[in-house]
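Fold and geometry: a report
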Amino acid sequence: MDLEAVRTFVAVAEAGQFQKAADDLSITQQAVSKRIAALERDLGVRLFTRMPRRGSEPTIDGQAFLPHAREMLRVAERAVASVRTGHRPLRVDVINSRGAASGLMRGFHRAHPGTDLDVVMLFEIEAAVTAIRSGAIDASFRAVAAPGRPLPEDIASVRVVDEPLQLLTGPAHALAGARSVTVAQLAGHRIWMPGIVPGTEWGAYYDDLVAEFGLTIEATGPNFGSDALLDTIADTPALATFMGEHTRLIWPAGHGLRRIPVTDPTPVYPHSLIWHRDNPHPALATLRAHLAAATAGHDAPGTWVPRWVIPH
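So, a few notes on the structure that sits alongside this text. (Residues numbered from 1 in each chain as written. Predicted model: local features only at pLDDT ≥ 70, side-chain atom pairs only at ≥ 80, totals over all residues. Heavy atoms only, no water.)

A short note on unusual backbone geometry
P265 follows D264 through a cis peptide bond whose omega is -10 degrees. Following the sequence through the fold, P265 ends up in the loop between β11 (258–263) and β12 (266–276). Non-glycine residue S26 carries a positive phi angle of around 60 degrees. Secondary-structure assignment places S26 in the loop between α2 (18–25) and α3 (29–43). A relative accessible area of 69% means that S26 is categorised as exposed. One non-glycine residue, I95, lies in positive phi territory at about 70 degrees. When you line up the elements, I95 lands in the loop between β3 (90–93) and α5 (100–111). (Helix = DSSP H or I, 4+ residues; strand = E, 2+ residues; numbered from the N terminus. Buried < 20%, exposed > 50% of the residue type's maximum accessible area, 1.4 Å probe, protein only.)

Structure representation (structure tokens):
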């Protein structure tokens, strides 16, 4: 159905005259008549009755069609606004709702409350890159990039925050009383991380951590989410897990969980923002400037990242 014909129908119904509708639409009366005739052919009904002194009035069918025609125009306007740069929300992928990237976006929203945001959660970096290149999202937080899988040339990236890892243990774990632990002290302890998926950028990160320091990281068993992970760590003295320092978690007071800094060196997870180089969304530049001002430097003394992490 021709939206311009629908728009013309609404204009005639509201103006009550073909000539007045033509003036409002800045077209000729002949063009109005042709559009209305074409719409009537599409619908198979007559939409207006011409009155000698009162102009044109919608027929019963026209009256029935009018609210739907108005809704069609509203939907069309929303559809255009959803993809028009500067008129639609900035769409950003944060991977998960409790991690460092989500915290960065909350900080951006507090600093720029007038910026419309859509926050999404995609799983793999390939899905994020595809969504960025298609325009489905504007940016994504990722560890850039997994070994042997460089970003496409049209995708830009900047490293925004290095998140220190912490050891999370239950109250009966052998290291539960420590104020901090060195990486060497973790050798021989079972670190359980069922959320690691082979082939992902975080999978590559932990593979390198294991290879570099001889740690034991187990990804066995189903991943029932963070609540189930916390329950198991609290109840199992032999298990611990890694957690980002900025990860927000809440657990029952009876769990007695401990978050212990890891040192000598401190493994840090490198979060980068990636986006399409040709993306003109004005809020994207605002986000990048905010992150540049709000996040600290990288590769601080005493920290560790995999060799494949791209320096910025």
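Considering α2
Here α2 has its buried residues at F18, A21 and A22. End-on, the buried residues of α2 take up no more than an arc of 105 degrees, which puts them together on one face. Its buried side turned inward, α2 meets α1 (3–15), α3, β1 (48–51) and β2 (55–58). Once α2 ends, the next one or two residues include S26, with phi positive near 60 degrees. (Arc of directions from axis to C-beta. Contact = heavy atoms within 4.5 Å.)

Some details on the packing of aromatic side chains
Evaluation of the coordinates by the stated rule reveals nine aromatic pairs. Residues F9 and F65 carry aromatic rings whose centres are separated by 5.3 Å and whose planes lie at 50 degrees to one another, so their mutual orientation is tilted. A residue pair is termed long-range when its members are at least 10 positions apart, and F9 in helix α1 and F65 in helix α4 (residues 60–83) qualify at 56 residues. By relative accessible area, which is 12% here, F65 ends up buried. In this structure an aromatic cluster arises from ring pairing among Y205, Y206, F213, F242, Y269 and W304. (Phe/Tyr/Trp six-rings, centres within 6.5 Å; stacked < 30°, edge-to-face > 60°.)

Here's the deal with α1
Because each turn of an α-helix spans 3.6 residues, side chains separated by three or four positions end up pointing in the same direction. Taking 1.5 Å of rise per residue, the 13 residues of α1 would be expected to cover 18 Å, and the 18 Å separating its terminal C-alpha atoms lies within 8% of that figure. Among the residues of α1, those classed as buried are A5, V6, T8, F9, V10, A11, V12 and A13. Looking at where α1 begins, the residue whose side-chain oxygen comes 2.9 Å from the main-chain nitrogen of E4 is D2. Looking at the residues trailing α1, positive phi occurs at G16, about 80 degrees. (Expected span 1.5 Å × (residues − 1). Polar contact = N/O pair within 3.5 Å; in protein donor to acceptor, adjacent residues only side chain to side chain.)

So, the packing of α2 against α3
At a closest axis distance of 8 Å, the pairing of α2 and α3 adopts a crossing angle of 105 degrees. On the basis of their axis angle, the class for α2 and α3 is roughly perpendicular. Contacts from F18, Q19 and A22 in α2 reach Q29, V32, S33 and I36 in α3. (Axes fitted to C-alpha atoms, helices over the stretch in contact; angles between N-to-C directions. Parallel < 35°, antiparallel > 145°, perpendicular 65-115°, else oblique.)

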